[in-house]
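# Summary of structural features
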Amino acid sequence: MKTNMMYAAGDVRVEDVPVPHVQQPTDSVLRVVASCICGTDLHPYHNMESHDHGEAMGHEVLGRIEELGEDVTGFEKGDLVVVPFFYADNTCPHCREGWTTSCVNGGFMNGGQAEYVHIPQAQGSMFKLPDEIEDDSPLIPSLLTLSDVYGTGYHAAVMGGVNENTTVTVIGDGAVGLLAVLAAKKRGAQRIILMGRHKVRTDLGVEFGATDVVPERGEEGIAKVRELTNGEGTHVVLECVGLMPAFEMSAGVVRSGGVISRVGAPQYEDAPVGAGSFFGRNITLTGGPAPTRAYMDELLPDILDGTLNPGRVFDVTVGLDDVPEGYRAMDNREALKVLIRP
């Protein structure tokens, strides 16, 4: 089968490898119907050190069951399922409380940018989709967002406590940021300020529910958000980038007593949280890797009935042979998010 491998920063190759098979009774194997390139895939695309063995890429996947381990029940070969970016048994103490990304038997998915993919902990990870959905259904892109980006944007809003009484700033106009806008709107926010400078993307953000767009960055961007909020800042900031400048802008635009909810994977270890920045203003810092499996039941109905269409974040579609070009397009901001159809 064909699969996408990364060997070093900028070195992405499509290679032929053996088709995976069930290794443990808790495994399954899927024929991939759709996968994609994530913004977090660009971190190794920029920084991976060269090595000989290559790394299988892709942690967002939707597919049909090809093979089932003997301990996996309630599914049949041919079922269409979506899998979260972090596999989990869904039975451990953390999973039972909704924190599937802390599963004691879990781990990060990989290898989804391929024709077939191996799924560990399949019983707890796979989420069955309705039987009537065909592989070419126009719902496929939106259903795939349940694996990561929509669930991650929704997690940001949940952890931030977004509701009809909160004003919200979303930092970042990537796919997660735009779907954080959609999530904030779904949870009732009336004022949503989107900080992003790419007009095609922020225009989509406005369609998703953003009431204001601030293209400025740094101190200029902070001043603009403050101006829009009578100098107070917003109750909630959804930080969807993961870089230090985004964290600093979050601290600048959140109001006293407010919440910063981070879902952009932090590319730093140290950040100011002392008396002059957070403690003195009673700021709450929350967020983390989204337990997207825990949100799937809640988010699915709006997709099935057409109320919401998070799949609009996919603006380029490629086959497996063109995955390296998809990486280049996303890295050059020629694509917002690349859908892969093997």
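Only a predicted model underlies this, so the values are computations on that prediction, with no experimental measurement involved.

Quick look at the layout of surface pockets now. One number sums up the size of the second largest pocket: a volume of about 230 Å³. With 3 residues, the top contributor of residues to the lining of the second largest pocket is strand S9 (residues 116-119). Classifying every residue of the lining of the second largest pocket gives 11 nonpolar, 6 polar and no charged.

This part is about the domain arrangement of the protein chain. Structurally, the protein chain comprises domain 1 (2-148 + 291-340) and domain 2 (154-287). The straight-line distance from the C-alpha centre of domain 1 to that of domain 2 is 27 Å. Each side of the interface is counted separately: domain 1 has 17 residues, and domain 2 has 17 residues. Buried area between domain 1 and domain 2, summed over both chains or domains, comes out near 1600 Å², and the portion from carbon and sulfur atoms is 67%. Applying the counting criterion to the domain 1 and domain 2 interface returns 2 salt bridges. With a closest N to O distance of 2.7 Å, Glu-207 and Arg-312 form a salt bridge.

According to the stated counting rule, one finds 15 salt bridges in the structure shown. The salt bridge involving Arg-201 is made with Asp-173; its shortest N-O contact spans 3.9 Å. Of this pair, Arg-201 sits in helix H7 (residues 199-208) while Asp-173 is found in the loop between strand S11 (167-171) and helix H6 (175-186), placing the two residues 28 residues apart along the sequence. Judged by its relative accessible area of 7%, Asp-173 falls in the buried class. With a closest N to O distance of 2.8 Å, Glu-334 and Arg-328 form a salt bridge. Assessed through its relative accessible area of 30%, Arg-328 is described here as partly exposed.

Further remarks concern the sheet that holds strand S1 (residues 2-8). Picture the strands of a sheet paired through backbone hydrogen bonds; they go either parallel or antiparallel. One open sheet accounts for 3 strands, arranged S2-S1-S4; its pairing is antiparallel. Looking at the sheet topology across the chains shown, the edges are occupied by strand S2 (11-16) and strand S4 (55-56). With 2 bridges connecting them, S1 and S4 associate as antiparallel partners. By the bridge assignment for S4, Met-5 is matched with Ala-56. In the packing of helix H11 (residues 323-331) onto the sheet, contacts are made with S1 and S2, and the angle to S2 comes to roughly 160°.

Following the UniProt record, one finds the feature "domain: Alcohol dehydrogenase-like N-terminal" (unreviewed entry) at residues 25-131. Note that residues 25-131 is 13% helix and 31% strand, and that its end C-alpha atoms are spaced 25 Å apart.

What follows is about helix H10 (residues 296-304). Of the residues making up H10, those classed as buried are Met-296, Leu-299, Leu-300, Asp-302 and Ile-303. Projected onto a plane normal to the axis of H10, the buried residues spread over an arc of 170° and lie on a single side. On its buried side, H10 packs onto strand S6 (80-83), strand S10 (127-128), helix H4 (140-144), helix H5 (149-160) and H6. Positive phi appears at Gly-306, one or two residues downstream of H10, with a value of about 80°.

Turning our attention to the state of the cysteines. Counting across every chain of the model gives 0 disulfides. A disulfide-free cysteine, Cys-92 has its sulfur positioned 3.7 Å from the sulfur of Cys-95, the nearest such atom. Between Cys-240, a free cysteine, and Cys-38, which holds the nearest cysteine sulfur, the sulfur-to-sulfur gap is 12 Å.

Among the secondary structure elements, Asp-71 is positioned in the loop between strand S5 (61-68) and S6. Along the sequence, Asp-71 and Gln-24 sit 47 residues apart, while their C-alpha atoms lie 8.8 Å from each other. With residues up to four places along the chain from it excluded, the contact list for Asp-71 reads Pro-25, Thr-26 and Gln-123.

Conventions adopted
- Residues numbered from 1 in each chain as written.
- Predicted model: local features only at pLDDT ≥ 70, side-chain atom pairs only at ≥ 80, totals over all residues.
- Heavy atoms only, no water.
- 1 Å grid on protein atoms, 1.4 Å probe; cavity = no way out; pocket = protein on both sides within 12 Å on 5 of 7 lines; lining within 4 Å.
- Points joined across faces, edges and corners; volume = space filled by probe spheres on them.
- Helix = DSSP H or I, 4+ residues; strand = E, 2+ residues; numbered from the N terminus.
- Nonpolar A, V, L, I, M, F, W, Y, C, P; charged D, E, K, R; others polar.
- Domains from an automatic or database assignment.
- Contact = heavy atoms within 4.5 Å.
- Buried area = accessible area lost by both parts, 1.4 Å probe.
- Salt bridge = Lys/Arg side-chain N within 4 Å of Asp/Glu carboxyl O.
- Buried < 20%, exposed > 50% of the residue type's maximum accessible area, 1.4 Å probe, protein only.
- Pairing = 2+ DSSP bridges.
- Axes fitted to C-alpha atoms, helices over the stretch in contact; angles between N-to-C directions.
- UniProt positions renumbered as here; feature names shortened; annotations may be inferred.
- Arc of directions from axis to C-beta.
- Disulfide = S-S within 2.5 Å.

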